[in-house]
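# Analysis of the macromolecular model
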Amino acid sequence: MVALTINGERRDVDAEPDKPLLWVLRENLGLVGTKFGCGVAACGACTVHVDGVATRSCSVPLDQVAGKSVTTIEGLGGDRIHAAQLAWIELQVPQCGYCQPGFIMAAAALLAEKPKPTDADIDSALTNICRCGTYQSIRKAVHRAAEMAGARR
Amino acid sequence: MKLTRRKLIVGGVLGGGALLVGWWFAKDRDRLGDRTVFKARMGEVALNGWVKVGRDGSITVAAPRAEMGQGIHSALAALVAEEMDAKWSDVRVEDAADLNVYRNVEILIDGLPFSPEETGRMIDVAKWAGSRVSGLLGVVATGGSTSVRDAWEPMRLAGASARDLLLRAAAAKAGVDRKTLTVVESEVRDAAGKKIATYGELAATLGALQPLRDVPVKKAGEFRLIGKPLPRIDVPAKVMGTAGYGTDVRLPDMLYAAIANCPTFGGKTKGFSLPSAGLPKGIVKVIELPTAIAVVADSWWRANKFLTGGDLRLNWDAGPNAGLDSRAIAADYAGLLKDGKPKLTRSRGADTPPADAKFLPATYTAPYLAHATMEPMNCTSLLDRGALTIWMPNQSSSLMRYVGAKEAGLDQDKVTVHTTYLGGGFGRRAEVDLVRQAVALAKALPGKPIQVLWSREEDIQHDFYRPMATARFVADIPADPKALPGWTVRLVGQSASSQFPGRVLGIGETGDPDGNSVENPPYAFARYRLDAIVPQGPVPVGFWRSVGHSHTAFFDECFLDEVAIAMGRDPLELRRALLKDKPRHLAVLDAVAKASGWGTPLPAATGRGIALRASFGSIVAQVAEVAVEGRTIRVRKVFCAIGCGIVVNPAIVRAQMESGIVYGLSAALHGRITIKGGAVEQANFPDYDAVRMADMPAVETILVESKDAPLGGVGEPGTPPIAPAVGNAIFAATGKRLRNLPFELK
Ligand code: FES
Ligand code: FES
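Everything numeric here is computed off the predicted structure, so don't read it as measured data.

The next subject is the overall build of chain A. Secondary structure summary: chain A contains 5 helices and 5 strands in total. Listed N to C, the secondary structure of chain A is β-β-α-β-β-β-α-α-α-α in terms of helices and strands. Taking 2.2 N^0.38 as the reference for a compact globule, 153 residues should give roughly 15 Å; the C-alpha atoms of chain A span a radius of gyration of 15 Å, in line with that estimate. Expressed as a percentage of contacts within chain A between residues at least 6 apart in sequence, the contacts between residues at least 24 apart total 58%. Seen as two clouds, the 16 positive and the 16 negative side-chain charges of chain A have centres 7 Å apart.

Laid out in structure tokens, this is it:
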């Protein structure tokens, strides 16, 4: 048993200590919003927050997140929808959508760290792959989310 | 846009394992379907084969095309909602069953291995009918950028007919003449504009009313939703993480299978040996299939760890292609360029070059490419008490059902296919390999739902690749620089169209080239001749976004730049001269030239390149602005103009252009699949990379609308021009002509 906090709730997980967090989320906890894309930390589809830091969950074993707080797309923003998600809907970002939870989690972590990110910040923080090529909309949506979050504050 | 246009429908009628082909001419209105076709749930009534209304006011549209990111569910629903005068926020979509009314007729017409301009379409259909592959292609399928073109008439008719039926119910209810009624946002009003009832309120009052097939549809000027950037139906779920993809299917007691396919093409399995300690925890079974070994477990991660961890020994018979090497294939192709026998020859204009012409030769190449859809390949199936159920992100439920039934030894009516959201398709998900594998495993473990999921490595190494191809041009450069040039081209490459039917039906290759790799370019060359050589071989090739255009556009459009330069003409100006009788092409070309500031100065080591390609019924021209720093190629801006007839949803068209550009740019800058020892050398994104945020050019899309032009596709036409536009820009920036993909500056 490994204890950790998932989306604000304490959970005890009965899984192998070397099982990657991605598969713990998808198989043990039924949280399938976090996606498998490559398994080798190269695409970012599996991005979640571990203690607030954007993390590629396919490459983090369960025992490394024991006692930590994990946020997934399902828990992002807590009770209210995160500004990034609002901006993503407003700007109609997704195409196939498969990469988007990972991008949104990466963007949310960036916005938490830098409320007004520059294009260069976006380039260096959002290194995920989108095979549908939604990058231009994602860039706009990150800027829009920064505005929306500013207005909410 | 007459609804009475006759179309030919090909239906595959399958009985007793034999393929019988049924042919009939169908009018669009024969695709309406009656009220029993679209299954209604509690609180819903069907109005015809395409639309249901719920008492809660919801309007549900049958979506027989797969949503793989192209926004097709929303585009199709808008056609129905437009004619119904429905409120957009009431509209939902539901996966449609595999039935005749939903079959994609346009994909069949587009799939003809003939140039549309060569002969009449019906003659082509008749010719094509002779080929043994035809039966299966009149199918519920998504591809060839055909969905809206196919649905344009039947789905608008379905909306108009649904509106008419509801109005008849409202007229009966209010005791007034149906002709006096109007509809505003799903609400039926009387002549005075007073509300009679909403669609939802009318749902319970329809009785035995039947849909009419001869109902007029709106004229182009009357559209209220078509042409607007309506919000997409699938976006909220995709942003909240609740959209269900194939990998997200969860069923009670479901098992997971990890797969190792035989590494070499054409190889087979030769058994496996279990570790002496026996099966690890959670592993249910190891199953040997003819060309793959599957580990079935209670967790995919456990299955894959056991499969790849080294404790399980896998034995392969590498088969006849163990020595296969893409460099050797490339050398063969170079020989075929010289002396291969063409499968197809096409020519027009003069037979011989002018006596005073100079000749300009050049040879181009393009590599094999993988699709690398973001969602890895998967399929979930359950074989239980003589019935097979399949949950799958797929581009053709008809094909999946046909192959699933065959593999399970069942009649097709015992097979149900649920199409989930697709995490990308790009042509890969028209293939039937996954369903075959999943059903084989379901047969081994009846009564248990099994989800087959491939790792990314399996996906990259066991794809159906964009064919490697090469072209040898010789242009006639006339002595008079005002005269028009001519050219001949010899093209060598495998064909997906040649292999695909065989994969489905278990027959050999047809030998035909991909229809769209041999389309005549629109240019008025003084002389034009194409010889297409179609080698066959063991490398599996498939339909990769834009198919033949993905490489022929690169070849043709870069070479045309070379011709312009050899003639001392501006590349834009020469294209304009060659298109002077093609006003739609010219309008698109001029739009992109203007937006990009063609001809205005740029900083040093920066260049502009232009390219144009007509494909899938649309015309796309692009200008790329490229900066070269040392050996690094930076594509800073792309201007893209598209002429696709009537624009159904401008936001979706723009998104598809950006998407097509990124897909093509990823290939042009990074994409290369090579084969050594019979196996693919690349394995995952680190060695089969894609464009990422930092390399993303700013894209500006210009829609060149023409209300009287036929509808064109948008899913694929954005891809072909980007590689040549970038190649031409690299030349403009550096004076170096790169004739091989992916681009590399030495
Ligand atoms: S699945 Fe984790 S980075 Fe790709
Ligand atoms: S939206 Fe399809 S991969 Fe990004």
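Another point: the domain arrangement of chain A. Residue and element names in this part refer to chain A. Examined at the domain level, chain A breaks down into domain 1 (2-75) and domain 2 (83-152). Here the C-alpha centre of domain 2 lies 21 Å away from the C-alpha centre of domain 1. At the interface, 16 residues of domain 1 touch 12 residues of domain 2. Summing both sides of the interface, domain 1 and domain 2 together bury roughly 1100 Å²; the carbon and sulfur share of this comes to 61%. Inspection of the region where domain 1 meets domain 2 yields 0 salt bridges. The interface formed by domain 1 and domain 2 includes 6 residue pairs in polar contact (both at pLDDT 80 or more). Only strand 3 (47-50) and strand 4 (53-56) provide two or more residues apiece to the side of domain 1 that touches domain 2. When residues of the side of domain 1 that touches domain 2 are assigned to their parent elements, the largest contribution, 3 residues, is made by strand 3. Looking at the side of domain 1 that touches domain 2, its residues break down into 7 nonpolar, 7 polar and 2 charged.

Residues and elements named next belong to chain B. This model, assessed by the stated rule, comprises 52 salt bridges over all chains. Put simply, E187 and R189 hold a salt bridge, and the shortest N to O gap is 3.0 Å. With a closest N to O distance of 2.9 Å, E573 and R569 form a salt bridge. For E573, a relative accessible area of 34% puts it in the partly exposed group. Counted as one network, the salt bridges with shared partners bring together E82, D85, R163, E185, K218 and R224.

With that settled, consider the pairing of strand 2 (residues 9-13) of chain A. All names here are of chain A. In this structure, strand 1 (residues 2-6) lies alongside strand 2, joined through 5 bridges in antiparallel fashion. Across the sheet, the residue bridging to L4 is R11, located in strand 2. In textbook terms, the turn of a hairpin is the stretch between consecutive antiparallel strands, and for strand 1 and strand 2 this stretch comprises 2 residues, one of which, N7, has a positive phi near 50°.

Moving on, we get to the domain arrangement of chain B. All names here are of chain B. In terms of domain boundaries, chain B breaks down into domain 1 (44-104 + 140-240), domain 2 (247-319 + 377-453) and domain 3 (326-368 + 464-734). The centre of domain 2, based on its C-alpha atoms, is set 37 Å off from the matching centre of domain 3. If you look at the interface, domain 2 gives 15 residues, while domain 3 gives 19 residues. Summed over both sides, the interface between domain 2 and domain 3 buries roughly 1300 Å², with carbon and sulfur atoms accounting for 64% of that surface. Considering only the surface of domain 2 that becomes buried against domain 3, F265, F426 and E431 emerge as the three largest contributors, covering 53% of it. The interface formed by domain 2 and domain 3 contains 1 salt bridge. A salt bridge links R503 to E431; its shortest N-O distance comes to 2.8 Å. One can count 5 residue pairs in polar contact (both at pLDDT 80 or more) joining domain 2 with domain 3. Breaking the side of domain 2 that touches domain 3 down by element, the ones donating at least two residues are helix 9 (397-408) and helix 10 (433-444).

What follows deals with the layout of surface pockets. Residues and elements named next belong to chain B. Here the second largest pocket defines a volume of roughly 970 Å³. Lining the second largest pocket are 36 residues; nearest its centre among them are T291, D433, R436, F464 and R503. Put simply, the parts of the chain that give the lining of the second largest pocket at least two residues each are helix 9, helix 10 and helix 12 (496-505). Examining the composition of the lining of the second largest pocket, we find that 5 residues originate from one element, helix 12, more than from any other. When its residues are assigned to classes, the lining of the second largest pocket shows 16 nonpolar, 13 polar and 7 charged.

So, about the pairing of strand 4 of chain A. In summary, the side chains of a regular strand alternate between the two faces of the sheet. Residues and elements named next belong to chain A. For strand 3 and strand 4, the ladder comprises 4 bridges, and the chain directions are antiparallel. Directly across from T47, in strand 4, lies its bridge partner R56. Where strand 3 folds back onto strand 4 in an antiparallel hairpin, the turn is made up of 2 residues, including D51, whose phi is positive at roughly 50°.

What follows covers helix 9 of chain B. Residue and element names in this part refer to chain B. Compared with the 16 Å implied by 1.5 Å per residue over 12 residues, the 16 Å span of helix 9 between its first and last C-alpha is a close match. By the criterion of burial, helix 9 is predominantly enclosed, with 10 of the 12 residues buried. Those residues of helix 9 that sit buried are S397, S398, L399, M400, R401, Y402, V403, G404, A405 and A408.

Sheet strands associate in pairs through backbone hydrogen bonding, adopting either a parallel or an antiparallel arrangement. All names here are of chain A. An order of 2-1-5-3-4 is seen for the 5 strands of this open sheet, with the pairing classed as mixed. Looking along the sheet, the strands with just one partner apiece sit at the ends: strand 2 and strand 4. Averaged over neighbouring strand pairs, the angle between their axes works out to 40° when direction is ignored. In this sheet, strand 5 (residues 69-71) lies alongside strand 1 in parallel orientation, the contact comprising 2 bridges. If you follow I6 over to strand 5, its bridge partner there is V70.

Here the focus is the sheet that holds strand 23 (residues 527-533) of chain B. Residues and elements named next belong to chain B. Across the sheet, 5 strands lie side by side as 15-23-22-21-16; this open sheet has mixed pairing. With one partner strand each, in any of the chains shown, strand 15 (344-349) and strand 16 (358-366) form the two edges of the open sheet. Pairwise comparison of adjacent strand axes, ignoring direction, gives a mean angle of 10° for this sheet. Two elements, strand 16 and strand 21 (residues 469-477), share 9 bridges in a ladder whose sense is antiparallel. Counterpart to K358 in the pairing with strand 21 is I477. Lying over the sheet, helix 8 (residues 326-339) contacts strand 16, strand 21, strand 22 (486-493) and strand 23, oriented at roughly 140° with respect to strand 22. Contacting strand 16, strand 21 and strand 22, helix 13 (residues 549-566) runs over the sheet at an angle of about 150° to strand 16.

Taken together, the contact between chain A and chain B spans 46 residues of the former and 59 residues of the latter. Together chain A and chain B conceal approximately 4200 Å² of surface at their shared face, both sides included; 59% is due to carbon and sulfur atoms. Here chain A is connected to chain B by 4 salt bridges. Across the pair D248 of chain B and R26 of chain A runs a salt bridge whose closest N-O atoms are separated by 2.9 Å. The interface formed by chain A and chain B includes 31 residue pairs in polar contact (both at pLDDT 80 or more).

Each neighbour pair has its own omega, and for L741 of chain B with P742 of chain B the value is -10°, a cis peptide bond. As for its placement among the helices and strands, P742 of chain B is situated in the segment after helix 17 (722-734). One non-glycine residue, A41 of chain A, lies in positive phi territory at about 65°. Examined against the element boundaries, A41 of chain A turns out to sit in the loop between helix 1 (21-28) and strand 3. A positive phi angle is found at R385 of chain B, which is not glycine, with a value near 45°. Note on placement: R385 of chain B falls in the loop between strand 17 (378-384) and strand 18 (387-392).

Our next topic: the packing of aromatic side chains. All names here are of chain B. Enumeration over the complete set of coordinates arrives at 22 aromatic pairs over all chains. With centroids separated by 6.0 Å and ring planes inclined at 90°, the aromatic side chains of Y364 and F473 adopt a geometry described as edge-to-face. Here Y364, found in strand 16, pairs with F473, found in strand 21; they are 109 residues apart in sequence, far enough to count as distant. Aromatic side chains W544 and Y663 sit 4.8 Å apart centroid to centroid with 35° between the ring planes, which places their arrangement in the tilted category.

Rules behind the numbers
Residues numbered from 1 in each chain as written. Chains lettered and ligands numbered in written order. Predicted model: local features only at pLDDT ≥ 70, side-chain atom pairs only at ≥ 80, totals over all residues. Heavy atoms only, no water. Helix = DSSP H or I, 4+ residues; strand = E, 2+ residues; numbered from the N terminus. Rg over C-alpha atoms; globule rule 2.2 N^0.38 Å. Contact = heavy atoms within 4.5 Å. Lys, Arg positive; Asp, Glu negative; His and termini not counted. Charge placed at Lys NZ, Arg CZ, Asp CG, Glu CD. Domains from an automatic or database assignment. Buried area = accessible area lost by both parts, 1.4 Å probe. Salt bridge = Lys/Arg side-chain N within 4 Å of Asp/Glu carboxyl O. Polar contact = N/O pair within 3.5 Å; in protein donor to acceptor, adjacent residues only side chain to side chain. Nonpolar A, V, L, I, M, F, W, Y, C, P; charged D, E, K, R; others polar. Buried < 20%, exposed > 50% of the residue type's maximum accessible area, 1.4 Å probe, protein only. Pairing = 2+ DSSP bridges. 1 Å grid on protein atoms, 1.4 Å probe; cavity = no way out; pocket = protein on both sides within 12 Å on 5 of 7 lines; lining within 4 Å. Points joined across faces, edges and corners; volume = space filled by probe spheres on them. Expected span 1.5 Å × (residues − 1). Axes fitted to C-alpha atoms, helices over the stretch in contact; angles between N-to-C directions. Phe/Tyr/Trp six-rings, centres within 6.5 Å; stacked < 30°, edge-to-face > 60°.

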